[in-house]
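Next come the chains, spelled out residue by residue.
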Amino acid sequence: MKELKHMRKILIRAPNWIGDAVMCLPALACLRKASPEAEITVLLKPKVKEIFLNNPDIDGIMEYQASNEHRGLSGRIRLSGEIKKRGFDAAILFQNAFDAAFLSFIAGIPERIGYARDLRTPLLTRAVKLSAEIQRTHQINYYLNIIKQISPGHSDDVKPRLHVTDEEAGWAEKFLLGLGPVGTSFVGAAPGASYGPAKRWTGFGVLLKRLSQEFGLAPIVFGGAEDNEICEKVYNDMGDAANKANLCGGISLRQFMAIANELSLFVTNDSGPMHIASALGVPTVAVFGSTEPRLTGPLNALSRVVRRQTPCSPCFKRECVFGHYDCLASISADEVLSASGELLKTIQGTTVV
């Protein structure tokens, strides 16, 4: 196998979920350190594209339009042709599916590197063993381990970093002036979670109202179009909280990143927005239900995790098989408020009223 430092053109197959896309960024940064002269292109689905914009560790982006021109077998063959024209030396597969290996194989990429899983080992030239140890560590290390296997000594950077431009930061500053007067401090919240209800704590409305009353933070609710019902309920549950806003479905992912970067606090479920806020260095309080913070928790030093250890958690299910959701239902707004207050105290010298 050609050494990584001698590979001129490298294709990265990015994960399909926003949170996973953020968690692969340290591996991407380590790849850049190992191959500073290589041309690195990321193949991704449109949902995660904005995570990779303005990233100095990559040189280009290819979009995988799985629901349009790249749909079905004929679409994949078309995409493989587009990939083949680029003349890649290697494909590094952060995305786990068989499809990722199949595409790089039929595109004729000489080196194809990824985990030995999902029946794709015969299609890989370097099948990385999925050890029990890796499955017990943080997801960030899951991606870093791939780079470590092909370039030892280049996998020491474990914190994701996102890149908000000066133009985006200026836009966010002006946007927030429209939500509250100069000097207003904002708290953001992401009450949704694409994975399913076993990751959705339901106490955000009460929590945000109290953060407004007790800390003077203006609350903003964030979410995608699929979170409209959840976010509307949270907005209504905040009652007369000053300068409250519901931006669900109304802004792009890049705009969310720019606004989040200006927040004093972010409260969230285990979700893509949690990983974004943490990567931006925003003080983050995350509520965990069916999942495990050791595997997907925020790594930002200014973060706190609130969870309830129940006999059946973590189960990693999308929905509670028992129907009670005790791991989430037993977490009170008081507990999340306390964690938020302690974090604010650490940052600002603020105390809970």
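Here's a quick rundown of the structure. Think of each chain on its own: its residues are numbered from 1, step by step along the sequence as written. Residue-level local features of this predicted model are given only where pLDDT is at least 70; pairs of side-chain atoms are given and counted only at 80 or more, and the full residue set underlies all totals for whole chains, interfaces and linings. Side-chain metrics in this entry use all non-hydrogen atoms of the structure; hydrogen atoms and water are not considered.

This brings us to the nonpolar core. Definition used in this section: a nonpolar core is a set of buried Ala, Val, Leu, Ile, Met, Phe, Trp, Tyr and Cys residues joined via side-chain atoms within 4.5 Å. Note on exposure labels: buried denotes an accessible area under 20% of the residue type's maximum, exposed denotes more than 50%, and partly exposed covers the range between, all computed with a 1.4 Å probe on protein chains only. Core analysis: the largest hydrophobic core is formed by 59 residues, its most contacted members being Ile 12, Leu 28, Ile 51, Phe 52, Ile 92, Phe 94 and Ile 276. Take this core: its biggest share by element is seven residues, from helix H7 (residues 139-150). Any two residues whose heavy atoms approach within 4.5 Å are treated as being in contact. Excluding its chain neighbours within four sequence positions, the residues that come into contact with Leu 28 are Ile 12, Ile 40, Val 42, Phe 52, Asn 55, Asp 57, Ile 58 and Phe 94. Strands here mean DSSP runs of E at least two residues long; helices mean DSSP runs of H or I at least four residues long; both are numbered from the N terminus.

Our next topic: the packing of helix H8 (residues 166-177) against helix H11 (residues 253-260). To get an axis, a line is fitted to the C-alpha atoms, and for a helix only the part in contact is used. The angle between two axes follows their N-to-C directions and goes from 0 to 180 degrees. Orientation of H8 relative to H11, taken along the N-to-C sense of each, is 75°, at an axis distance of 8 Å. Comparing their axes, H11 and H8 come out roughly perpendicular. Between H8 and H11, the residues in contact are Glu 168, Trp 171, Ala 172, Phe 175 and Leu 176 and Arg 254, Gln 255, Ala 258 and Ile 259, respectively. The residue classification treats Ala, Val, Leu, Ile, Met, Phe, Trp, Tyr, Cys and Pro as nonpolar and Asp, Glu, Lys and Arg as charged. All others, Gly included, are polar. A per-class count over the contact of H8 with H11 returns six nonpolar, one polar and two charged. If an angle is under 35 degrees, it is roughly parallel; if it is over 145, roughly antiparallel; if it lies from 65 to 115, roughly perpendicular; otherwise it is oblique.

Further remarks concern the sheet that holds strand S12 (residues 303-307). The pairing of strands in a sheet happens through backbone hydrogen bonds and is either parallel or antiparallel. We call two strands paired when DSSP finds no fewer than two bridges between them. Pairing in this open sheet of six strands is parallel, and the strands run S9-S8-S7-S10-S11-S12 from one edge to the other. Of all strands in the sheet, those with a lone pairing partner are strand S9 (245-246) and S12, marking the two edges. As paired elements, strand S11 (residues 284-288) and S12 share five bridges and run parallel to each other. Opposite Phe 288, over in S12, you have Arg 307 as the bridge partner.

What follows covers the pattern of salt bridges. Any Lys or Arg side-chain nitrogen located within 4 Å of an Asp or Glu carboxyl oxygen qualifies as a salt bridge. Scanning the model with the defined rule gives 13 salt bridges in all. Put simply, Asp 59 and Arg 32 hold a salt bridge, and the shortest N to O gap is 2.7 Å. Of this pair, Asp 59 sits in the loop between helix H3 (49-52) and strand S3 (60-63) while Arg 32 sits in helix H2 (residues 25-34), placing them 27 residues apart in sequence. Residue classification places Asp 59 among the partly exposed positions, given a relative accessible area of 49%. With a closest N to O distance of 3.2 Å, Glu 214 and Arg 210 form a salt bridge. Here the residue Glu 214 and the residue Arg 210 both occupy positions in helix H9 (residues 204-215), the gap between them amounting to four residues, near one helical turn. Each of Arg 210, Glu 214 and Asp 334 takes part in salt bridges that share partners, so that together they form one network.

Shape is all these values report; function is a separate question.
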